[in-house]
Amino acid sequence: MESASFNLLDEPWIRVRTADGDLKEVSLTALIADAHQFVDFAGEISTQDAAILRLVEAVLLGALRTDERTEDEALDTWQTLWSGGRFDSERFSPYLEAVRDRFDLLHPATPFLQVAGLTTASGKRSGLTKLIAEVPDGHQFFTTRAGSDLTSLSLAEAARWLVHCQAFDPSGIKTGALGDERVKGGRGYPFGYPAWAGNLGLVLAQGGTLFETLLLNLPLTMSGPQDLPSWEREPNGPGQDTLHPAPHGPADLFTWPSRRLRLFTEGGRVVDVQVSNGDRLPPQNLHPFEPMCAWRYSKAQSKKGEHVLMPVMHDPARRIWQGLGPLLHQHRDFSDGKQPAVLEWVATLSQAQILPADYSLSLRIVGAEYGPQNSTIADLVDDRMAASVAAVTDPTLAQAALTAADLAKGGVVALANLAGNLNRAAGGEGNAREATFELGYHRLDGLYRQWLSTLRDPERSLDYLEDWSHRARDVLRRAGDDLVSQAGQGALVGRTVTLQNRTVLLDAGLAQRWFHLALAKTFPSTPSVDQETA
């Protein structure tokens, strides 16, 4: 017999990790009530966790919504919540009860994040693999079963992927929904953009518990009385919502209906899905509403008299500390951009002495990289590192962190040049240079993360940088010496080459001397906070 209801307020469906390292599924109500007992979300993939985090933030914003609040009022509200150490169920229960019907996954009229009765002219559906994040060649990110063998999902798992699909679904041709005037020949043609969160390089501030994480990322100052999550709006039909063409705040964005969806069930399990186009949302200039992303000035998209900001995306090939500039808004290339509002809020909390400067948080980046035409998910980004509040909010310490990353880059370039010169000395064309970049960053990765976690006192920024300079130089020197020892007889003997219009006998010894000189130049004994490396 078919389940008549699966209400996400009551049924366990959100996967979390406890302080003991155990995994469990909890309902939305239990998650809020017991968030202080959980360490983090623990879904199938990182983007799913980010999507559910944003969903829960929208619930909190809805429950805490008032008329326009000042920053001082927002600080008072936040401090009251933080000092409680847990969410007060009495404060959130009335709101959840008021929207209860909209959280029923199987509701006949208003199914959660879906369109009741959504169908196609032909009766065809999309197939469950369209609900799950895919990569090229059909390899799914989740590992419990192969896509070709996917015949059904539990209601709990389907709910998680439903939230993920609304947030990160790729662009591309969709199943054409009956009643959508945009459909041609049974097809919903691409918008060019993925679902909303897929346009973003997400930046999150994570605390010691889910309770702390949810509060650190709660954008109270950005949300006003018109900022309604999707479950407080009229249910969507199959076509575009022309009465609501743009978001009014973060809760609106966190639940933006990028897709029109419908789950199909048999025997209490989800056996199929329809994924159709929803409401198109270009990413230009949405920084007043989107708090979990850095923004860059786009000269190409800015017209006369217009200043267009675009989301900063994460590069899967780079570690979080290699792209700190836009996150901390300390880099010359991002002077016309905007750092993530979530970090601006952390800075405000610190300046108001509500959040201690030595409080240790985890700075996390999450995102999806899409393939051609944004039609597939090609890769995922998920990286984090520990830092004090002072390290990511104090301008002097933030600049020191960025300077250290720049120094690391210069040192890695020196190591790569050494590899290239050793290759030339042995008779090659210097092609070994490119492969050595990853070696250098790998050697420095743990060292940088540990070093950043020690930054606390702005007055000691030069001491921190001198410490970094010595330690990074030593690590790279040892890496370079290893390359020399492994270079082989040909490199030791060397050969005559022309470099920069000079003819020299290049051997391993000369390459090593050049490398040591480059390290000494890159890592001076007394570095300055704003030093630019050669």
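Presented here is a report on the structure given in the accompanying data block. It should be emphasised that the depicted structure is a prediction, and the values quoted were computed from it without experimental measurement. Residues take numbers from 1 onward in each chain, read along the sequence in its written order. Totals for whole chains, interfaces and linings use every residue, but because this is a predicted model, local features are given only for residues with pLDDT of at least 70 and side-chain atom pairs only at 80 or more, for both listing and counting. With hydrogens and water excluded, all non-hydrogen atoms of the structure serve as input to the side-chain values.

## Considering the overall build of the protein
- A run of DSSP states H or I qualifies as a helix once it reaches four residues; a run of E qualifies as a strand once it reaches two. Both are numbered from the N-terminal end. Per the secondary structure count, the protein includes 15 helices and 15 strands.
- Against the compact-globule benchmark of 24 Å for 534 residues, the protein has a radius of gyration of 26 Å, which places it among compact chains.
- Viewed in the frame of its principal axes, the protein has a C-alpha envelope of about 80 × 55 × 55 Å.
- Working definition: with a 1.4 Å probe on protein chains only, accessible area under 20% of the residue-type maximum means buried, over 50% means exposed, and in between means partly exposed. For the protein, the proportion of its 534 residues judged to be buried stands at 56%.
- Whether two residues are in contact is decided by their heavy atoms, any of which lying within 4.5 Å being enough. Taking the intrachain contacts of the protein between residues at least 6 apart in sequence as the baseline, contacts between residues at least 24 apart amount to 71%.
- Summing over all exposed atoms, the protein offers an accessible surface of approximately 22,800 Å²; the carbon and sulfur share of this is 47%.
- Distance between charge centres in the protein, computed from 50 positive and 66 negative side chains, equals 7 Å. Radius of gyration here uses only the C-alpha atoms, and the compact-globule reference equals 2.2 Å multiplied by the residue count raised to the power 0.38. Computed with a 1.4 Å probe, the accessible areas rest on the Shrake-Rupley method; for each residue, only the protein chains presented here act as cover. Here Asp and Glu are counted as negative and Lys and Arg as positive; His is not counted, and neither are the chain ends. Charge placement uses NZ in Lys and CZ in Arg. For Asp and Glu, CG and CD serve respectively.

## Some remarks on the environment of Ser 461
- As for its position among the elements, Ser 461 is in helix H13 (residues 461–485).
- Along the chain, Ser 461 and Gly 268 lie 193 residues apart, while their C-alpha atoms are 59 Å from each other.

## Observations regarding the packing of helix H11 (residues 395–425) against helix H12 (residues 432–452)
- Remark: H11 packs on H12, axes separated minimally by 8 Å, with the N-to-C direction vectors making an angle of 150°. Our classification of the angle between H11 and H12 gives roughly antiparallel. When you trace H11 past H12, the crossing you get is right-handed.
- Residues are sorted three ways: Asp, Glu, Lys and Arg are charged, Ala, Val, Leu, Ile, Met, Phe, Trp, Tyr, Cys and Pro are nonpolar, and all the rest, Gly among them, are polar. Residue composition of the contact of H11 with H12, by class: 19 nonpolar, five polar and two charged. The angle between two axes is taken between their N-to-C directions and runs from 0 to 180 degrees, where each axis is a line fitted to C-alpha atoms and a helix contributes only its stretch in contact. The scheme is simple: roughly parallel for angles under 35 degrees, roughly antiparallel for over 145, roughly perpendicular for 65 to 115, oblique for anything else. By definition, turning the near helix anticlockwise from the far helix through less than a right angle yields a left-handed crossing, and turning it clockwise yields a right-handed one.

## Quick look at a negative patch on the surface
- Together, Glu 71, Asp 72, Glu 73 and Asp 76 line one region of the surface with negative charge.
- A residue is classified by how much of its surface remains accessible, and Asp 76, at 48% relative accessible area, is partly exposed. Nonpolar side chains (Val, Leu, Ile, Met, Phe, Trp, Tyr) within 5 Å and like charges within 9 Å form the patches, drawn only from residues with over 30% relative accessible area and no salt bridge. Whenever Lys or Arg places a side-chain nitrogen within 4 Å of a carboxyl oxygen from Asp or Glu, that contact is recorded as a salt bridge.

## What to know about the pattern of salt bridges
- All chains considered together, the criterion is met by 25 salt bridges.
- Between Asp 180 and Arg 182 there is a salt bridge, and its shortest N-O distance comes to 2.9 Å.
- Of the residues examined, Arg 182 reaches a relative accessible area of 24% and is grouped as partly exposed.
- Arg 319 is the partner of Glu 438 in a salt bridge, and the nearest nitrogen-oxygen pair spans 2.6 Å. Here the residue Glu 438 occupies a position in helix H12, and Arg 319 occupies one in the loop between strand S11 (309–311) and helix H8 (324–328), the gap between them amounting to 119 residues.
- Taken together, the shared-partner salt bridges connect Arg 319, Asp 383, Glu 438, Asp 445 and Arg 449 into one network.

## Observations concerning helix H3 (residues 71–84)
- Spanning 14 residues, H3 covers 20 Å between terminal C-alpha atoms, matching the ideal 20 Å at 1.5 Å per step.
- Restricting attention to buried positions, one finds in H3 the residues Ala 74, Leu 75, Thr 77, Trp 78, Leu 81 and Trp 82. Projected down its long axis, H3 shows its buried positions confined to an angular sector of 165°, all on one face. Seen from the open side of H3, the exposed residues pointing more than 90 degrees away from its buried face are Asp 72, Thr 80 and Ser 83.
- Of the surrounding elements, those touching the buried residues of H3 are helix H2 (46–64), helix H4 (89–98), helix H6 (210–216) and helix H9 (341–351).
- In the stretch just after H3, Gly 85 is the one whose phi turns positive, near 75°. Here, expected helix span is obtained from the residue count minus one, scaled by 1.5 Å. Relevant arc is that of directions from the helix axis to the C-beta atoms, nothing else.

## Concerning the sheet that holds strand S2 (residues 23–26)
- Taken together, three strands build an open sheet; the order of strands is S2-S1-S3 and the sheet is antiparallel. If you trace the sheet from one side to the other, it starts and ends with S2 and strand S3 (38–41), each paired once. For this sheet, the mean inter-axis angle between neighbouring strands, taken without regard to orientation, is 40°.
- As defined by bridge partners, strand S1 (residues 14–18) adjoins S2 across four bridges and the pair is classed as antiparallel. Paired with Val 16 across the bridge in S2 is Lys 24. The rule for pairing is simple: two strands pair if DSSP sees at least two bridges between them.

## Focus on the pairing of S1
- Burial along S1 is one-sided: Ile 14, Val 16 and Thr 18 are buried, and none of Arg 15 and Arg 17, which face the opposite way, are.
- What sits between S1 and S2 in their antiparallel hairpin is a turn of four residues, with Gly 21 showing a positive phi close to 90°.
- With three bridges joining them, S1 and S3 adopt antiparallel strand pairing. When the sheet's bridge partners are listed, Thr 18 is paired in S3 with Phe 38.

Coordinates in, geometry out; function isn't part of it.
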